[in-house]
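# Per-entry structural report
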Amino acid sequence: MQSGSGPVDAVGDLSRTLPQPHGRLTGWLHGPGADQIGLFGALVVLCTIFAILSPFFLLPQNALNIAHAVSYTGITAAITTLVLVGGGLDLSISAVMALAGTVCAELLLRGVPWPAVIAGGLGAGVVVGLFNGAVITYVGINPLIVTIGSQFVVRGAAFLVVKNQELVITERHFLYLGQGSLLGIPVPAILMAAMFCLVGWWMRFTVFGRHMYAIGGSPGGTMARLAGIPVERRRMQMYVLSGMFAALSGIVLAGFTGTGLAYAAQGLELPIIASVILGGTALTGGRGSVLVTVIGVFVLGVVANGITLLNLSNQWQLVVQGVALLLAVIVDEVRAKRRAR
């Protein structure tokens, strides 16, 4: 597939021929930019509310705390944006996070050097991604079913690694990935920003990214395949990257908590997907941007931080996550119907 050609550009050419609302600003407000304004407005409103309710919310240290807290979910949300754009779905990401953390903790306990430990944790994610990609791509099973099944298998494997124990991590280089700071900025937040930039670059400036949009934009990737795009290979690459990024998130989380826990990140896959959909990425594929996913991640992060500052029970966070997921699905359906008209 040559640069600048294919289904994505065909859609772009078609959009330029359609009647546009009067005025550049008006057209942007009625187009995709409306979703971005709405989500950013929601973030501003939330920040205003919590700033009124808590005197600690606007402190610079609290901003760093929020960035630190959302870092490991943000890393996974970045690659989940690409997966959804490519017409895929991966519900095993939270289990992979736990598996990577437990594998790293076990290797450190055995005296393996920390660079090899990190490679081992990432390798665990790659193996899961290869399995998911192979079954989905070559066997043809729905990704929802495959990744739910692999989620249970991977979570069980994490428990087998630690033998139902809590492994304490003391290696300072490893802990630095989750607890360290550079020029006053938490290292996990720097890693999250780097991963968002990397995925954004892939999606915006590479042939691989254009292929993802084309595959997700056609039912079953049929049109993309007819255009000469290697659909099967791209899907395999997509799921391998999903497993690798989830593993990196798990490594950061293990470094942050200082433990290898088999039940770590349990249930986080749905809030992560909700933040991506809130950011404008379509569940049906073919549309999305990591730039707006960042806002979705921080919306949920601000809510969690505000609940903590107000000393509300953890049950409220579960309620908010459930509402966010439902809202994300409803908003995605409204967007789809609006674009279909």
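Residues numbered from 1 in each chain as written. Predicted model: local features only at pLDDT ≥ 70, side-chain atom pairs only at ≥ 80, totals over all residues. Heavy atoms only, no water.

Here the focus is the overall build of the protein. A count of helices and strands for the protein gives 16 helices and four strands. Per-residue burial for the protein yields a buried fraction of 49% across its 341 residues. Sequence-distant contacts in the protein: of pairs separated by 6 or more residues, those separated by 24 or more amount to 79%. As presented, the protein carries roughly 16,500 Å² of accessible surface, and 70% of it is formed by carbon and sulfur atoms. (Helix = DSSP H or I, 4+ residues; strand = E, 2+ residues; numbered from the N terminus. Buried < 20%, exposed > 50% of the residue type's maximum accessible area, 1.4 Å probe, protein only. Contact = heavy atoms within 4.5 Å. Areas by Shrake-Rupley, 256 points an atom, 1.4 Å probe, with all protein chains shown as cover.)

It is worth spelling out the environment of Y138 at this point. Tracing the backbone through its elements, the reader meets Y138 in helix 7 (residues 114–139). Discounting residues that sit within four places of it in the chain, Y138 has contacts with G133, E232 and M236.

Time to look at the side chain of S218. Secondary-structure assignment places S218 in the loop between helix 11 (207–216) and helix 12 (222–226). Side-chain polar atoms of S218 contact the backbone oxygen of A214, separated by 3.3 Å. Excluding residues within four positions of it along the chain, S218 makes contact with M223 and A224. (Polar contact = N/O pair within 3.5 Å; in protein donor to acceptor, adjacent residues only side chain to side chain.)

A few words on the confidence of the model for the protein. Across the protein, the average pLDDT comes to 85, with 86% of residues at 70 or higher. The low-confidence segment residues 1–32, where pLDDT is below 50, has 26 contacts with residues more than four positions distant or belonging to other chains. (pLDDT = per-residue confidence, 0-100.)

To continue, consider unusual backbone geometry. In the Ramachandran plot, L183 falls in the positive-phi region, its phi being about 55 degrees despite a non-glycine side chain. The residue L183 is located in the loop between strand 2 (181–182) and strand 3 (185–186) in this model. For N311, which is not a glycine, the phi torsion comes out positive at approximately 60 degrees. Relative to the elements of secondary structure, N311 occurs in the loop between helix 15 (290–309) and helix 16 (314–340). Exposure remark for N311: the relative accessible area of 69% places this residue in the exposed category.

Once that is clear, we can look at the pattern of salt bridges. Summed over all chains, the structure comprises two salt bridges. Residues R110 and E106 are paired through a salt bridge, measuring 2.8 Å at the closest nitrogen-oxygen approach. For R110, a relative accessible area of 60% puts it in the exposed group. What makes E106 buried here is its relative accessible area of 14%. For the salt bridge of E232 with R225, the shortest nitrogen-to-oxygen distance reads 2.8 Å. (Salt bridge = Lys/Arg side-chain N within 4 Å of Asp/Glu carboxyl O.)

Let's shift gears to a nonpolar patch on the surface. On the surface, V139, I141, L144, I145, I148 and F152 cluster together to form a nonpolar patch covering roughly 550 Å² of accessible area. Broken down by element, the nonpolar patch gets its largest block of residues, four residues, from helix 8 (residues 143–162). Within the secondary structure, F152 sits in helix 8. For F152, a relative accessible area of 60% translates into the label exposed. (Patch = residues over 30% accessible without salt bridge, like charges linked within 9 Å, V, L, I, M, F, W, Y side chains within 5 Å.)

Our focus in this paragraph is the packing of aromatic side chains. Evaluated as defined, the whole model comprises three aromatic pairs. Among the aromatic residues, ring-to-ring pairing joins W202, F208 and F245 into one connected group. (Phe/Tyr/Trp six-rings, centres within 6.5 Å; stacked < 30°, edge-to-face > 60°.)

Here we take up helix 15. If you check helix 15, its first and last C-alpha atoms are 28 Å apart, about what 20 residues at 1.5 Å a residue would give, namely 28 Å. Buried residues dominate helix 15, accounting for 15 of its 20 residues. N-cap assignment for helix 15: the residue whose side-chain oxygen lies 3.2 Å from the backbone N of L291 is S289. Once helix 15 finishes, N311 follows within two positions and takes phi at roughly 60 degrees, a positive value. (Expected span 1.5 Å × (residues − 1).)

With that settled, the discussion passes to the packing of helix 10 (residues 187–205) against helix 15. As a packed pair, helix 10 and helix 15 sit with axes 9 Å apart at the nearest point and diverge in direction by 150 degrees. Classified by the angle their axes make, helix 10 and helix 15 are roughly antiparallel. Contacts from M192, F196, V199, G200 and M203 in helix 10 reach V290, T293, V294, V297 and F298 in helix 15. Per-class residue counts for the contact of helix 10 with helix 15 are eight nonpolar, two polar and no charged. (Axes fitted to C-alpha atoms, helices over the stretch in contact; angles between N-to-C directions. Parallel < 35°, antiparallel > 145°, perpendicular 65-115°, else oblique. Nonpolar A, V, L, I, M, F, W, Y, C, P; charged D, E, K, R; others polar.)

Let us look at the nonpolar core. Nonpolar side chains in soluble globular proteins generally cluster together in the buried interior. Residues L82, F174, V199 and F245 are the most contacted members of the largest nonpolar core, which totals 84 residues. Ranked by the residues each element gives to this core, the list is headed by helix 13 (residues 231–257), at 12 residues. (Core = buried A, V, L, I, M, F, W, Y, C linked by side-chain atoms within 4.5 Å.)

In this section: the layout of surface pockets. Size it by volume and the second largest pocket reaches roughly 720 Å³. Looking at the second largest pocket, it is lined by 39 residues, and the ones nearest its centre are A69, Y72, T73, L268 and Q317. The set of elements that each furnish at least two residues to the lining of the second largest pocket consists of helix 4 (60–69), helix 5 (71–85), helix 6 (93–109), helix 13, strand 4 (259–260), helix 14 (269–278), helix 15 and helix 16. (1 Å grid on protein atoms, 1.4 Å probe; cavity = no way out; pocket = protein on both sides within 12 Å on 5 of 7 lines; lining within 4 Å. Points joined across faces, edges and corners; volume = space filled by probe spheres on them.)

Contact geometry of helix 6 with helix 7 gives a least axis separation of 9 Å together with a crossing angle of 150 degrees. By the angle between their directions, the pair helix 6 and helix 7 is classed as roughly antiparallel. Note that helix 6 runs across helix 7; the crossing there is right-handed. Across from V96, L99, A100, V103, C104, L107 and L108 in helix 6, the residues of helix 7 making contact are W114, V117, G120, G121, A124, G125 and V128. (Left-handed = near helix turned anticlockwise from the far one by under 90°.)

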